[in-house]
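Commentary on secondary and tertiary structure
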Amino acid sequence: MNEIAPLLFALGTASLLLSIKISSAARSLRLRYGLPDGDALYSDLSGSGRVLRSERYHLSGKPDSIIKEGRHLIPVEVKSSLAEKPYRSHQLQLAAYGLIMEELYRTDVPYGYIVYRNRRYRIELNDDLRDEVLSALDEMRRALRRGHAQRNHSQKARCSRCSFRRGCKQAL
Ligand code: SF4
């Protein structure tokens, strides 16, 4: 028992430090972008978030943050660009996170946030958006099977955050 006590103490301390780190990242995100209050369940703002995976859709990804609003878990994606309206590709990325989170946490994910430098948008993760993600995924897999898909960039960081990474043979 005496040998286990220090181990439990170390594990408890590590878990406390991790939770402090996550809440402090979430607090800075809230302050910086004026997001609503909500407990942070996950944060990749410092690049240390684990990869979230969906076995059902063969998707994986790392949202910048997951916050709890009311009874819902909400994905948050932070972009470094300005935008007068949310880009469709960013909405699809958010919807892909929603699909992953629904499987992982067994809960509804009805909306999410995309935060640009000049403003943030609440995006409803409706059936149309979800269908578009799944169609894009099917199309990408068909193109990969045909050998037609070609990567159009050389940014490792982009691939490391891509929801389609698991099924992509051209990932960097
Ligand atoms: S090449 Fe990279 S960014 Fe493009 S689909 Fe594959 S993993 Fe995603």
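Everything here concerns the structure above.
Predicted model only: the values in this text are computed from it and were never measured. (Residues numbered from 1 in each chain as written. Predicted model: local features only at pLDDT ≥ 70, side-chain atom pairs only at ≥ 80, totals over all residues.)

Considerations on the overall build of the chain
Heads up, the condition is: Helical segments are the DSSP runs of H or I of at least four residues, strand segments are the runs of E of at least two, and each set is numbered from the N terminus. Exposed residues have 12 or fewer other C-beta atoms within 10 Å of their own C-beta, buried residues have 20 or more, and partly exposed residues fall in between, where C-beta atoms are placed from the backbone. Once C-beta atoms have been placed from the backbone, residue pairs whose C-beta atoms lie within 7 Å are recorded as contacts.
A count of helical and extended segments in the chain gives four helices and seven strands. The N-to-C order of helical and strand elements in the chain reads α-β-β-β-β-β-α-β-β-α-α. In the chain, buried positions account for 25% of the 172 residues. A separation of at least 24 residues holds for 56% of the contacts in the chain among residues at least 6 apart in sequence.

A closer look at helix 3 (residues 127-146)
Because each turn of an α-helix spans 3.6 residues, side chains separated by three or four positions in sequence point in the same direction. Inclusion rule: Multiplying 1.5 Å by the helix residue count minus one yields the expected span of that helix.
The terminal C-alpha atoms of helix 3 lie 28 Å apart, and with 20 residues this matches the ideal 28 Å at 1.5 Å per residue to within 8%. Where burial is concerned, little of helix 3 is hidden: one out of the 20 residues are buried. Directly after helix 3, the chain includes Gly147, whose backbone phi takes a positive value near 75°.

Here we look at the environment of Leu73
Within the secondary structure, Leu73 is located in strand 5 (residues 72-78). A count of 22 C-beta atoms within 10 Å places Leu73 in the buried class. Residues Leu73 and Val109, 36 residues apart in the sequence, show an inter-C-alpha distance of 6.1 Å. Excluding residues that lie within four positions of it along the chain, Leu73 makes contacts with Leu41, Ile66, Lys68, Met101, Tyr105, Thr107 and Val109.

Things to note about the nonpolar core
Going by this rule: Remark: nonpolar core denotes a set of buried Ala, Val, Leu, Ile, Met, Phe, Trp, Tyr and Cys residues whose joining runs through C-beta atoms within 7 Å.
Within the largest apolar cluster, 24 residues are counted, with the highest numbers of intra-cluster contacts made by Ala96, Ile100 and Met101. Counting only elements with at least two residues in this core, the list comes to strand 1 (39-43), strand 4 (65-69), strand 5, helix 2 (88-105) and strand 6 (111-115). Looking at which element gives the most residues to this core, the answer is helix 2, with seven residues. Beyond its immediate stretch of four places on either side in the chain, Ile100 contacts Leu52, Arg53, Ser54, Leu59 and Gly61.

Considering the site of the ligand
Spelled out, the test is: We call a residue near a molecule or strand if the C-beta atom, set from the backbone, is within 6 Å of it. The classification used treats Ala, Val, Leu, Ile, Met, Phe, Trp, Tyr, Cys and Pro as nonpolar, Asp, Glu, Lys and Arg as charged, and all other residues, Gly among them, as polar.
For the ligand, the full set of nearby residues is Arg151, Arg158, Cys159, Cys162, Phe164, Arg165, Cys168, Gln170 and Ala171. Classifying every residue of the shell around the ligand by side-chain character gives five nonpolar, one polar and three charged.

Structural notes on helix 2
Helix length check: helix 2, at 18 residues, gives a terminal C-alpha distance of 25 Å against a target of 26 Å (1.5 Å per residue), a fit within 8%. Gln91, Gln93, Leu94, Ala95, Ala96, Tyr97, Gly98, Leu99, Ile100 and Met101 are the residues of helix 2 that are buried. Remark: Arg106 follows helix 2 within two positions and exhibits a positive phi of approximately 50°.

What about the pairing of strand 7 (residues 120-124)?
The criterion, for reference: Strand pairing requires that DSSP identify at least two bridges connecting the strands.
As judged from the five bridges shared by strand 6 and strand 7, these two strands associate in the antiparallel manner. What sits directly across from Tyr111, in strand 7, is Glu124. In sequence, strand 6 turns back onto strand 7 through a hairpin of four residues.

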